[in-house]
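Residues per chain are reported as follows:
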Amino acid sequence: DLRMDTTDIHGGKSISLDLPVFAAPMDTVTGFDMVLAMGEAGGMGVLPRTENQKHIHKQLVTGLKFYYFFYSVGSGLGLEDLEEIEYFSDSGHRYICVDVAHGGNEKTARKVETIKDMMPGAFVMSGNVATPQEFRRLSDAGADLIRVGIGGGSACTTRIQTGHGVPTLQSLMDISFMRKADDAAIIADGGIRNAGDAAKAFAAGAKFVMVGGILAGTSNAPDIRDNNNNRIFRGMASSAFTNKVEGVSHIIDDKGETQDVLRNLRNGLASACSYSGVSRLADLAEESEYKVI
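Calculation criteria
Residues numbered from 1 in each chain as written. Predicted model: local features only at pLDDT ≥ 70, side-chain atom pairs only at ≥ 80, totals over all residues. Heavy atoms only, no water. Salt bridge = Lys/Arg side-chain N within 4 Å of Asp/Glu carboxyl O. Helix = DSSP H or I, 4+ residues; strand = E, 2+ residues; numbered from the N terminus. Buried < 20%, exposed > 50% of the residue type's maximum accessible area, 1.4 Å probe, protein only. Arc of directions from axis to C-beta. Contact = heavy atoms within 4.5 Å. Core = buried A, V, L, I, M, F, W, Y, C linked by side-chain atoms within 4.5 Å. Pairing = 2+ DSSP bridges. Axes fitted to C-alpha atoms, helices over the stretch in contact; angles between N-to-C directions. Parallel < 35°, antiparallel > 145°, perpendicular 65-115°, else oblique. Left-handed = near helix turned anticlockwise from the far one by under 90°. Nonpolar A, V, L, I, M, F, W, Y, C, P; charged D, E, K, R; others polar. pLDDT = per-residue confidence, 0-100.

1. Some details on the pattern of salt bridges
Alright, step 1. What the rule picks out here adds up to 15 salt bridges.
Alright, step 2. Between Asp27 and Arg234 there is a salt bridge whose closest N-O contact spans 2.4 Å. One end of the pair, Asp27, is in the loop between strand 3 (21–23) and helix 1 (32–41); the other, Arg234, is in strand 11 (residues 232–234), with 207 residues separating them in the sequence. Comparing Asp27 with Arg234 shows no difference in burial state: the two are buried.

Here it is as C-alpha cells:
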C-alpha cells in the first residue's frame, strides 16, 4: 500500500495520495496535461509561476473540478498578491504553493500566515528549506506541507553558484528527527532521480516526494524548445528562464509515456517495501535504519 496521508498535521487536516508524488512547479514539467496525468496516477501536480498559469487554473477549476492541484504564488505581500489570494478564495480553490527557492525567511513565513488568515481552509505548501530551524518557522506560520531540499535538483546549481545547500537526505533526517507529530508534513524535493532515491527519502521521514527531471521529456510534460527547436529541461532559476544563475537548461530526449514512468516509480516503491518487510510505505521510516559504511 503506497497511500500516504497527512491526518496528523495541524489538528487533523488531511491530504491523501495513492501515489505520494508531486510533479514539480517547473515550466518544462508541469502544465495542464501533467496535472491530469498526475491525478490519473494518484499523485498531484504543482503549477509553476508563469504568465499563463491563471488561464490553466481557470480551465482546471471550471471544467475538471475532480482534479486537484497546487497553484504557485511568490512570497510578495503587495496589493496584487492580496488580490491573487482573493481570486483563489472566490474560485473555491484551496491548494496553494508558496514557491520560493529559499523559503526559510520571514517574508515567506508572513505570506503563509496571510494566506491562512484570508483562507482558513486552505492547504498551503511552502519551502524550500534545508534546516530544522527553517522548517520550524514555516510550520509555525501554518504551512501544511514543506518542501525540504536546497541545491539537490538535477537542474539546480545553487550549491555551485552560491555555496549554500545541504545534501537532501541529510536535511530530511535532521528535520524528521525534530519534527513534532502535528507539524507540517515533509516533501523531499531535489535529487529524486529514480525509485530508489524516493524510497530512501520515505525511509528518512518524508511523507511525499517531488520530482522534476524524472517527468521532463515525457508525453504529458510541456514541450518547450530552444531556438534550434530542441526540446529542453530547465531550472526555474536558470538564465534560460530568469536573470538568475542558480539553474541550468539542457536538451532532453523524449522519454515516452508519462504513465509508464510513474508506473515504474510505483513498482520500484512497492519492491522497496517488500525488501524492507513492510506492507505499507507509511511504515518504511519506522523499519529502516541508516548505516554509514
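2. Brief notes about unusual backbone geometry
Alright, step 1. The omega torsion across Gly127 and Asn128 is 0°, close enough to zero to call that bond cis.
Alright, step 2. Examined against the element boundaries, Asn128 turns out to sit in strand 7 (residues 123–129).
Alright, step 3. Of note in this structure, Asn229 is not a glycine but carries a positive phi near 65°.
Alright, step 4. Checked against the element boundaries, Asn229 lands in the loop between strand 10 (208–211) and strand 11.

3. Notes on helix 1
Alright, step 1. Residues Met34, Val35, Ala37, Met38 and Ala41 constitute the buried set of helix 1. The buried residues of helix 1 occupy an angular sector of 165° when the element is viewed end-on, so they sit on one face.
Alright, step 2. Where helix 1 ends, the next residue or the one after it, Gly42, has phi of about 100°, a positive value.

4. What about the environment of Ile175?
Alright, step 1. Along the polypeptide, Ile175 turns up in helix 7 (residues 168–178).
Alright, step 2. Given a relative accessible area of 0%, Ile175 falls into the buried group.
Alright, step 3. As for Ile175 and Ile186, which are separated by eleven residues in sequence, their C-alpha atoms are 8.5 Å apart.
Alright, step 4. What Ile175 contacts, discounting residues up to four positions off in sequence, is Val129, Ala130, Thr131, Pro132, Phe135, Val148 and Ile186.

5. What about the nonpolar core?
Alright, step 1. Core analysis: the largest hydrophobic core is formed by 82 residues, its most contacted members being Phe22, Phe70, Met125, Leu145, Phe208, Val209 and Leu215.
Alright, step 2. Among the elements that take part in this core, helix 9 (residues 258–276) stands out by supplying six residues, more than any other.
Alright, step 3. Once residues within four sequence positions are removed from consideration, Leu215 is found in contact with Ala23, Val29, Met34, Met38, Ala221, Thr258, Val261 and Leu262.

6. Structural notes on the pairing of strand 10
Alright, step 1. A two-sided burial pattern is seen for strand 10, the buried positions comprising Phe208 and Met210 on one face and Val209 and Val211 on the other.
Alright, step 2. Here strand 3 runs beside strand 10; their pairing, made up of three bridges, is parallel. When the sheet's bridge partners are listed, Val21 is paired in strand 10 with Val209.

7. Observations regarding the packing of helix 8 (residues 195–203) against helix 9
Alright, step 1. Between helix 8 and helix 9, the least distance of the axes is 9 Å, while the angle of their chain directions is 50°. Relative to helix 9, the element helix 8 lies oblique. The chirality of how helix 8 crosses helix 9 is right-handed. Contacts between helix 8 and helix 9 involve Ala195, Ala198, Ala199 and Phe202 from the first element and Asn264, Leu265, Gly268, Leu269 and Ala272 from the second.
Alright, step 2. Residue composition of the contact of helix 8 with helix 9, by class: seven nonpolar, two polar and no charged.

8. Topic: the confidence of the model for the chain
Alright, step 1. Across the chain, the average pLDDT comes to 85, with 82% of residues at 70 or higher.
Alright, step 2. Within the chain, strand 3 carries the highest mean pLDDT (97), whereas helix 6 (residues 158–162) carries the lowest (55).

9. Re the sheet that holds strand 8 (residues 145–148)
Alright, step 1. Strand order in this closed barrel of eight strands is 3-4-5-6-7-8-9-10, and the pairing throughout is parallel. Taking the axes of each pair of neighbouring strands and ignoring which way they run, one obtains an average angle of 25° across the sheet.
Alright, step 2. By the bridge criterion, three bridges tie strand 6 (residues 95–98) to strand 7 in an arrangement that is parallel. Its bridge partner being in strand 7, Cys97 is matched across the sheet by Met125.

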